[in-house]
Amino acid sequence: MGSAAAVTSAPAPSSSFGAQPAKAAAVATGDSSNAIANADDPTFNPDDGKLEVGQEENKDEDKLYEVKARLFRTIDNAWKGGGVGLLRLYRNNKTSTQRMVLRNDIGKVMFNVAVSKGMVFNKQVKETKKGKKCHVSFGAIEDENEGFKNFMFNVSASDLDTFYEKLQMMTT
């Protein structure tokens, strides 16, 4: 009556979710002796976690100006934020076309619109409780399917006049 059940142990799984492979663990701990052996490991990544985002140089375009800016666009008759980043003004050497491009901090294009002769830019400064709000507003076609929309770039008070002058020069 007092029979004891036999306890058997199953072999340990060869891998489990969340566990680092031995080679990756060696690299993570700074053991470089396995670095050459890791070259043929498809899961090996020598990246140190830092992402370098570069910008390809376009030899056909001259950069006319760049400024840190915050984009707003009208959606359903209300201003909605569209991103923050470095706004650059370009002129193509061969075709003389001009454009403005806003890229966020990781280099993603947030706004890319042609600047044509006769475009109207409005410079405005508003006093608020938090200080001056400086922006340049304009209308343009960002997407052919959506048609003409209103846009606005907020810039610092120190950059406003120069930014506005560069835009005016592009439209004459």
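The following paragraphs examine the structure supplied in this document.

What counts, and where the lines are drawn
- Residues numbered from 1 in each chain as written.
- Predicted model: local features only at pLDDT ≥ 70, side-chain atom pairs only at ≥ 80, totals over all residues.
- Heavy atoms only, no water.
- Helix = DSSP H or I, 4+ residues; strand = E, 2+ residues; numbered from the N terminus.
- Buried < 20%, exposed > 50% of the residue type's maximum accessible area, 1.4 Å probe, protein only.
- Areas by Shrake-Rupley, 256 points an atom, 1.4 Å probe, with all protein chains shown as cover.
- Salt bridge = Lys/Arg side-chain N within 4 Å of Asp/Glu carboxyl O.
- Core = buried A, V, L, I, M, F, W, Y, C linked by side-chain atoms within 4.5 Å.
- Contact = heavy atoms within 4.5 Å.
- Pairing = 2+ DSSP bridges.

1. Structural notes on the overall build of the protein chain
Next, step 1: A count of helical and extended segments in the protein chain gives two helices and seven strands.
Next, step 2: Reading the protein chain from its N terminus to its C terminus gives the helix and strand order α-β-β-β-β-β-β-β-α.
Next, step 3: The buried share of the protein chain, reckoned over its 172 residues, is 27%.
Next, step 4: Of the roughly 12400 Å² of accessible surface on the protein chain, 51% is carried by carbon and sulfur atoms.

2. Topic: unusual backbone geometry
Next, step 1: With a phi close to 55°, D76 is a non-glycine residue in the positive phi region.
Next, step 2: With respect to the element layout, D76 can be found in the loop between β1 (61-75) and β2 (78-92).
Next, step 3: Despite not being glycine, N77 shows a phi value in the positive range, around 60°.
Next, step 4: Tracing the backbone through its elements, the reader meets N77 in the loop between β1 and β2.
Next, step 5: Among the residues examined, N77 registers a relative accessible area of 82% and is labelled exposed.

3. Details of the pattern of salt bridges
Next, step 1: Tallying each qualifying case throughout the model produces eight salt bridges.
Next, step 2: Across the pair K63 and E66 runs a salt bridge whose closest N-O atoms are separated by 2.9 Å.
Next, step 3: Accessibility expressed as a relative area gives 49% for K63, which makes it partly exposed.
Next, step 4: E142 is the partner of R73 in a salt bridge, and the nearest nitrogen-oxygen pair spans 2.7 Å. Taken as a pair, R73 in strand β1 and E142 in strand β6 (residues 131-143) lie far apart in primary sequence, 69 residues in all.
Next, step 5: Overlapping salt bridges bring together K63, E66 and R88 as one network.

4. Concerning the nonpolar core
Next, step 1: Counting residues in hydrophobic clusters, the biggest one holds 25 residues, and the most contacted among them are M100, F111, F121, F138, F153 and F163.
Next, step 2: Contributions of two or more residues to this core are made by β1, β2, β3 (98-103), β4 (109-115), β6, β7 (147-155) and α2 (157-170).
Next, step 3: Other than its neighbours up to four places away in sequence, F111 contacts L71, R73, M100, V101, L102, F138, E142, F151 and F153.

5. A word on the side chain of N154
Next, step 1: Within the element layout of this structure, N154 appears in strand β7.
Next, step 2: In contact with N154, other than residues within four places in its own chain, are K68, A69, R70, F72, C134 and H135.

6. Some points on the pairing of β6
Next, step 1: Both strand β5 (residues 121-128) and β6 contribute to a ladder of eight bridges, which runs antiparallel. Bridge pairing links Q124 to H135 in β6.
Next, step 2: Here β5 hands over to β6 after two residues, the two strands then running antiparallel side by side.
Next, step 3: Bridge analysis of β6 against β7 gives nine bridges, and the strand direction is antiparallel. Counted as the bridge partner of I141 is F148 from β7.
Next, step 4: The antiparallel pairing of β6 with β7 creates a hairpin that spans three residues between the two strands.

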